[in-house]
Amino acid sequence: MIAVLDYGIGNLRSAEKALQRAGGDARLTSDPEEAAAAEGVVLPGVGAFGRCLGALRASGLDRAALAAVESGKPFMGICVGMQMLYESSEEDPEARGLAVLPGRVVRLPEGEKHPQMQWNQVHAVRDDSRLLQGCGPAPWFYFVHSYAPEISEAVVATCDYGGPVTAAVETGNVWATQFHPEKSGPAGLRLLGNFVVACAA
Amino acid sequence: MRTVRVIPCLDVDAGRVVKGVQFENLRDAGDPVELASLYADQGADEVVFLDITASSEGRDTMVEVVRETAEQVFIPLTVGGGVRSVDDARALLRAGAEKVGVNSAAVADPALIRRMAEEFGSQCVVVSLDARRVGPQGSGRYEVYTHGGRNPSGIDAVSWARICERLGAGEILLTSMDADGGQAGFDLGLTRLVADACRIPVVASGGVGRLQDLVDGALQGGADAVLAASIFHYGRHTVAEAKAYMAERGVLVRPVE
């Protein structure tokens, strides 16, 4: 079973349904024990960084997320679910991130429209990405965001939006995408399929 | 890199797709879930459902339509029409909508935009702006209309777009009431005015009759996305044809897989 953490934020149903379509036994859950028993955990998120973290902590699922990361089981953050894995964000400087990954989340380059609300092409910066396996050299994914993590060592793919912007990261069992694979048609389903396979291994 | 989105729009009345010509004279054109799925397969970047149902029972039907669509269609789905409150928006988002559009209720109570943005994030909040030209063609002045284009609000369209952005809207869905249903192309003057006035994306809507209109909306109008209905619904062109045509004429679009 793949646990999609439900802490009452936005549209989580798409993530659950897309994982199911990709072959996973995905379930929305707000129960930390169910998350602990799962083979993989997905942390979605939309909206503001601080508000998502507040809701996540209020639900107690922050500890479930951290426990999943530490357990070594496949873990995937999506959009603000990715951003929350970092230490902080320019969006809400007071809010403390989960600090699973070093670094901070910064505003997209000025001179471009905010939010980036479009499909964009993703360029792999490492060729050993498990997350992007089989997605082709430059797949298209759907982005909706005004902030993104600073480029760091964990980055496996970037998109161009007034300069290179973090699109996907991968470090050990922790995978994350700034784009929405659950809204990215066949390319997104292929990527989620890679996660489903990792969860089954 | 700016990629222009191509968005088929489905007008939905009590769970069935209809296309309004000038928002009246409705014709039945099918099942929204099937159509959305078909458009996704054709390479649509997003689908818009516009709920034109008058009754409140009908709106519960819409939540059900969204729920079914989200099980089969894995591209962004925007739902507008009849959204009056944060709770209305929440029901649609929980059912699987990516974005929710507000129009009349936001004009009546602009703070609704802020409440929705605070609750769900700006990326979920689309303001549908229906505008009609004031004075002769080329006057450069446009007025916001509400209630499906029936009621003049007295508000200047460009000022309203800026206010919406300040209140936290994530996108403007801009419909020219003069061009809508006429199939003679977008009102490019209106599109350009609003696109230049906003830092959030602007979707051009109303008037597409030929594929060249989509190109003009992007290149001359400066729209971030182009929305059309009948050109796709009646099988005149597929979304894939539209994107190939746009790409050949220098508009960057996501190629169809």
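Please read these numbers as outputs of a predicted model, since none were measured by experiment.

### Quick look at the overall build of chain A
Here's step 1: Check the secondary structure of chain A and you find six helices and 12 strands.
Here's step 2: Relative to its length of 201 residues, chain A is compact, with a C-alpha radius of gyration of 15 Å against a globular reference of 17 Å.
Here's step 3: Each principal axis of the C-alpha distribution contributes one length, and for chain A these read about 45 × 40 × 30 Å.
Here's step 4: Here chain A holds 201 residues, and the buried ones make up 63% of them.
Here's step 5: Expressed as a percentage of contacts within chain A between residues at least 6 apart in sequence, the contacts between residues at least 24 apart total 70%.
Here's step 6: Accessible surface, chain A as shown: approximately 7100 Å² in total, 50% of it carbon and sulfur.
Here's step 7: A gap of 6 Å separates the mean positions of the 16 positive and 23 negative side-chain charges of chain A.

### Concerning the side chain of His 145 of chain A
Residue and element names in this part refer to chain A.
Here's step 1: Among the structural elements, His 145 can be located in strand S8 (residues 140-145).
Here's step 2: Reaching out from His 145, the side chain makes a polar contact with the backbone oxygen of Tyr 147 at a distance of 2.8 Å.
Here's step 3: Excluding its chain neighbours within four sequence positions, the residues that come into contact with His 145 are Leu 108, Pro 115, Gln 116, Val 165 and Gln 178.

### Quick notes on the sheet that holds strand S2 (residues 26-29) of chain A
Sheets are built from strands that pair by backbone hydrogen bonding, the pairs being arranged parallel or antiparallel.
Residues and elements named next belong to chain A.
Here's step 1: Taken in spatial order, the nine strands of this open sheet run S2-S1-S3-S4-S12-S11-S10-S7-S8, and their pairing is mixed. If you trace the sheet from one side to the other, it starts and ends with S2 and S8, each paired once. Between one strand axis and the next, the sheet turns through 30° on average, direction left out of account.
Here's step 2: Taken together, the three bridges between strand S3 (residues 40-43) and strand S4 (residues 75-78) define a ladder with parallel strand orientation. Paired with Leu 43 across the two strands is Gly 77, which belongs to S4.

### So, the pairing of strand S7 (residues 116-124) of chain A
Residue and element names in this part refer to chain A.
Here's step 1: Across six bridges, the pairing between S7 and S8 is antiparallel. Residue pairing in the sheet places Gln 116 in a bridge with His 145 of S8.
Here's step 2: In this sheet, strand S10 (residues 155-160) lies alongside S7 in antiparallel orientation, the contact comprising three bridges. Looking across to S10, one finds that Ala 124 is bridged to Ala 157.

### Examining the environment of Ala 138 of chain A
Residue and element names in this part refer to chain A.
Here's step 1: As for its placement among the helices and strands, Ala 138 is situated in the loop between S7 and S8.
Here's step 2: Residue classification places Ala 138 among the partly exposed positions, given a relative accessible area of 23%.
Here's step 3: Between the C-alpha atoms of Ala 138 and Ile 9, which are 129 residues apart in sequence, the distance is 31 Å.
Here's step 4: Setting aside its immediate chain neighbours within four residues, Ala 138 contacts Gln 121, Val 122 and His 123.

### Observations regarding the packing of helix H5 (residues 111-120) of chain B against helix H6 (residues 157-167) of chain B
Residues and elements named next belong to chain B.
Here's step 1: Where H5 meets H6, the closest approach of the two axes is 8 Å, and the angle between their N-to-C directions is 35°. Viewed along their axes, H5 and H6 form a crossing whose handedness is right-handed. Contacts from Ile 113, Arg 114 and Ala 117 of H5 reach H6 at Trp 160, Cys 164 and Leu 167.
Here's step 2: Taken together, the residues of the contact of H5 with H6 sort by class into five nonpolar, no polar and one charged.

### Observations regarding the packing of aromatic side chains
Here's step 1: On inspection of all chains with the given rule, the structure shows five aromatic pairs over all chains.
Here's step 2: Aromatic rings pair up to connect Phe 141, Phe 143 and Phe 179 of chain A into one cluster.
Here's step 3: The ring of Tyr 145 of chain B carries the charged tip of Arg 132 of chain B above its face, separated from the ring centre by 4.9 Å.
Here's step 4: The side chain of Arg 249 of chain B reaches across the aromatic face of Tyr 245 of chain B, ending 3.5 Å from its centre.

### Considering the pairing of S2 of chain A
Residue and element names in this part refer to chain A.
Here's step 1: As paired elements, strand S1 (residues 2-5) and S2 share four bridges and run parallel to each other. Among the inter-strand pairings, Ile 2 is bridged to a residue of S2, identified as Ala 26.
Here's step 2: In this fold, the crossover linking S1 to S2 by way of helix H1 (residues 13-21) has right-handed handedness.

### A word on the interface of chain B and chain A
Here's step 1: Across the boundary between the two partners, chain B contributes 39 residues, which contact 39 residues of chain A.
Here's step 2: Here chain B and chain A share an interface that buries about 3200 Å² over both sides, 50% of which is from carbon and sulfur atoms.
Here's step 3: Three residues stand out in chain B for area buried against chain A, namely Met 1, Phe 74 and Arg 199 of chain B, and they jointly supply 27% of the buried area on that side.
Here's step 4: At the boundary of chain B with chain A, the tally comes to six salt bridges.
Here's step 5: Its salt-bridge partner being Lys 113 of chain A, residue Asp 224 of chain B comes within 2.9 Å of it at the nearest N-O pair.
Here's step 6: One can count 19 residue pairs in polar contact (both at pLDDT 80 or more) joining chain B with chain A.
Here's step 7: Those elements that place two or more of their residues in the side of chain B that touches chain A are helix H2 (56-72), helix H3 (86-95) and H5 of chain B.
Here's step 8: Of all the elements, H2 of chain B adds the most residues to the side of chain B that touches chain A, at four residues.
Here's step 9: Partitioned by chemical class, the residues of the side of chain B that touches chain A number 17 nonpolar, six polar and 16 charged.

Each value, and the rule that gives it
Residues numbered from 1 in each chain as written. Chains lettered and ligands numbered in written order. Predicted model: local features only at pLDDT ≥ 70, side-chain atom pairs only at ≥ 80, totals over all residues. Heavy atoms only, no water. Helix = DSSP H or I, 4+ residues; strand = E, 2+ residues; numbered from the N terminus. Rg over C-alpha atoms; globule rule 2.2 N^0.38 Å. Buried < 20%, exposed > 50% of the residue type's maximum accessible area, 1.4 Å probe, protein only. Contact = heavy atoms within 4.5 Å. Areas by Shrake-Rupley, 256 points an atom, 1.4 Å probe, with all protein chains shown as cover. Lys, Arg positive; Asp, Glu negative; His and termini not counted. Charge placed at Lys NZ, Arg CZ, Asp CG, Glu CD. Polar contact = N/O pair within 3.5 Å; in protein donor to acceptor, adjacent residues only side chain to side chain. Pairing = 2+ DSSP bridges. Axes fitted to C-alpha atoms, helices over the stretch in contact; angles between N-to-C directions. Left-handed = near helix turned anticlockwise from the far one by under 90°. Nonpolar A, V, L, I, M, F, W, Y, C, P; charged D, E, K, R; others polar. Phe/Tyr/Trp six-rings, centres within 6.5 Å; stacked < 30°, edge-to-face > 60°. Lys NZ or Arg CZ within 6 Å of the ring centre and 35° of its normal. Right-handed = clockwise from strand over helix to strand, strands pointing away. Buried area = accessible area lost by both parts, 1.4 Å probe. Salt bridge = Lys/Arg side-chain N within 4 Å of Asp/Glu carboxyl O.

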